[in-house]
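In case you want the letters, here they are:
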Amino acid sequence: MQLGVIGLGRMGQIVVERSLAAGHDVVAFDLDEEAVATAADAGAAPAASIDDLVDRLGAEKRIWLMVPAGEAVDVTLEELETHLDGDDVVVDGGNSYFEDSVRRAESCPAAYLDCGTSGGPAGAELGFSLMVGGPQWAYDEFEPVFDAVATGPDGHGRMGPAGSGHYVKMIHNGVEYALMQTYGEGFELLHEGRYDLDLENVASVWNNGAVIRSWLLELCEEAFREEGTDLGTVADRIEGGSTGTWTVQEALEQEVPLPLIYTALAERFGSRADDGRFSRRLASRLRYGFGRHEVPRRE
Ligand SMILES: NC(=O)C1=CN([C@@H]2O[C@H](COP(=O)(O)OP(=O)(O)OC[C@H]3O[C@@H](n4cnc5c(N)ncnc54)[C@H](O)[C@@H]3O)[C@@H](O)[C@H]2O)C=CC1
Ligand SMILES: O=C(CO)[C@H](O)[C@H](O)COP(=O)(O)O
């Protein structure tokens, strides 16, 4: 298949490389010329603009967007709009909000597939897990590319109509937040607890046959190996947050209780106070108020 890829960052380059490796022809565009050059080195045809990319594709265009979620997707679709018709297929492989994907599917002249992508840069070797929403015929059309970009035929699936791919990915990310939080809590207790433990060793033993083994736990093992058992200079601050926020908003709307995912998100926001959490500081001062307990003071 001839595939246009727009957005050639950490994830888009992998879409390019895995598609090329499977024998597809790729035309690649990014606002960043260096990213285009990297794709060209890998064997893609470099495009100088979106118009150029479209000109190089055949009559039935197959285009994969891997730009940051939000405005970049809308801007790209606006530029593509006049070049597209109902025989074309556009995939958005980023972490777009599912309601944005439903809106885009309605307004895009091409068939639109919202594709939740999981696996991160490690997917370069392994392939991704792809959760796809949109019309069946467009999914079937794209199957050879999905086979290449995913771990294989079992690494992708059509979840349902427009929006469902990004909906499933949104909830996947909520699960990711909660899993990260629970591993974090367990290792925190091991670190602060009564034995002087080598946490890389603990993670390694758990990763070999334990009930809680997983890829995230392998990444915990890697983190302790590379940063040290006390995590060295890693700061108490977690960035990100949009996909977890959407998951919690959806849970509130659907009245489905998700206490673990909600707490993981709250912990993430709580990590961002520059000078300590106001609520924790007030709780500390209140302990003095009611119990004359000592108040730890900052410098
Ligand atoms: N990094 C990760 O682990 C994962 C990322 N994603 C999602 O995949 C999407 C891409 O992520 P990354 O590759 O990590 O981001 P990135 O920041 O590494 O790459 C984004 C690329 O898009 C380009 N770009 C931005 N606006 C553009 C435009 N209007 N036209 C053309 N190119 C444009 C940038 O120059 C950059 O090269 C995001 O939606 C992200 O949330 C999904 C799963 C995992
Ligand atoms: O989708 C992903 C992994 O599955 C991306 O890495 C995403 O950025 C993770 O979400 P956040 O940035 O909120 O931690």
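These numbers were taken from a predicted model, which means no experiment stands behind them.

Chemist: Hey, could you run me through the site of ligand 1 in this one?
Modeler: Taken together, the neighbourhood of ligand 1 is formed by 21 residues, with Arg10, Met11, Asp30, Asn95 and Thr117 sitting nearest. Backbone polar atom of arginine 10 to an oxygen atom of ligand 1: 3.0 Å apart, as the coordinates give it. Summarising the interface, the protein chains cover 77% of the accessible area of ligand 1, which totals 830 Å² for the free molecule. Looking at the shell around ligand 1 residue by residue, the class counts come to eleven nonpolar, seven polar and three charged.

Chemist: What should I look at first to understand the sheet that holds strand E3 (residues 45-46) in this one?
Modeler: Hydrogen bonds between backbone atoms are what pair the strands of a sheet, whose relative direction is either parallel or antiparallel. Taken together, the eight strands give an open sheet; going across it, the order is E3-E2-E1-E4-E5-E6-E7-E8, and neighbouring strands pair in mixed fashion. Of all strands in the sheet, those bounded by a partner on one side alone are E3 and strand E8 (156-160).

Chemist: Please clarify how the site of ligand 2 should be interpreted in this entry.
Modeler: By nearness alone, every residue bordering ligand 2 is listed as Asn95, Lys169, His172, Asn173, Glu176, Tyr177, Gly240, Gly241, Thr243 and Arg268. Between lysine 169 and ligand 2, the recorded distance is 2.6 Å, taken from a side-chain N or O atom to an oxygen atom. Here an oxygen atom of ligand 2 and a side-chain polar atom of asparagine 173 are 3.1 Å apart. Contact with the protein chains removes 64% of the 360 Å² of surface that ligand 2 exposes when unbound. Broken down by element, the shell around ligand 2 gets its largest block of residues, five residues, from helix H8 (residues 164-192). Classifying every residue of the shell around ligand 2 gives one nonpolar, six polar and three charged.

Chemist: I'm lost on the pattern of salt bridges in this one. Help?
Modeler: Two side chains of opposite charge can pair, provided their charged atoms sit close to one another. Under the definition given, this model contains nine salt bridges. In this structure, the salt-bridge partner of arginine 237 is glutamate 239, at a minimum N-O distance of 2.8 Å. Overall, the relative accessible area of 39% leaves arginine 237 in the partly exposed class.

Chemist: Any chance you could explain the UniProt feature "binding site: NAD(+)" (unreviewed entry) in the protein chain here in plain terms?
Modeler: According to UniProt, the feature "binding site: NAD(+)" (unreviewed entry) maps to Gly7, Leu8, Gly9, Arg10, Met11, Gly12, Val67, Pro68, Ala69 and Asn95 in the numbering used here. Locating proline 68 in the fold gives a position in the loop between strand E4 (62-65) and helix H4 (71-81). Looking at the element boundaries, alanine 69 is found in the loop between E4 and H4.

About the criteria used
- Residues numbered from 1 in each chain as written.
- Chains lettered and ligands numbered in written order.
- Predicted model: local features only at pLDDT ≥ 70, side-chain atom pairs only at ≥ 80, totals over all residues.
- Heavy atoms only, no water.
- Near = heavy atom within 4 Å.
- Polar contact = N/O pair within 3.5 Å; in protein donor to acceptor, adjacent residues only side chain to side chain.
- Areas by Shrake-Rupley, 256 points an atom, 1.4 Å probe, with all protein chains shown as cover.
- Nonpolar A, V, L, I, M, F, W, Y, C, P; charged D, E, K, R; others polar.
- Pairing = 2+ DSSP bridges.
- Helix = DSSP H or I, 4+ residues; strand = E, 2+ residues; numbered from the N terminus.
- Salt bridge = Lys/Arg side-chain N within 4 Å of Asp/Glu carboxyl O.
- Buried < 20%, exposed > 50% of the residue type's maximum accessible area, 1.4 Å probe, protein only.
- UniProt positions renumbered as here; feature names shortened; annotations may be inferred.

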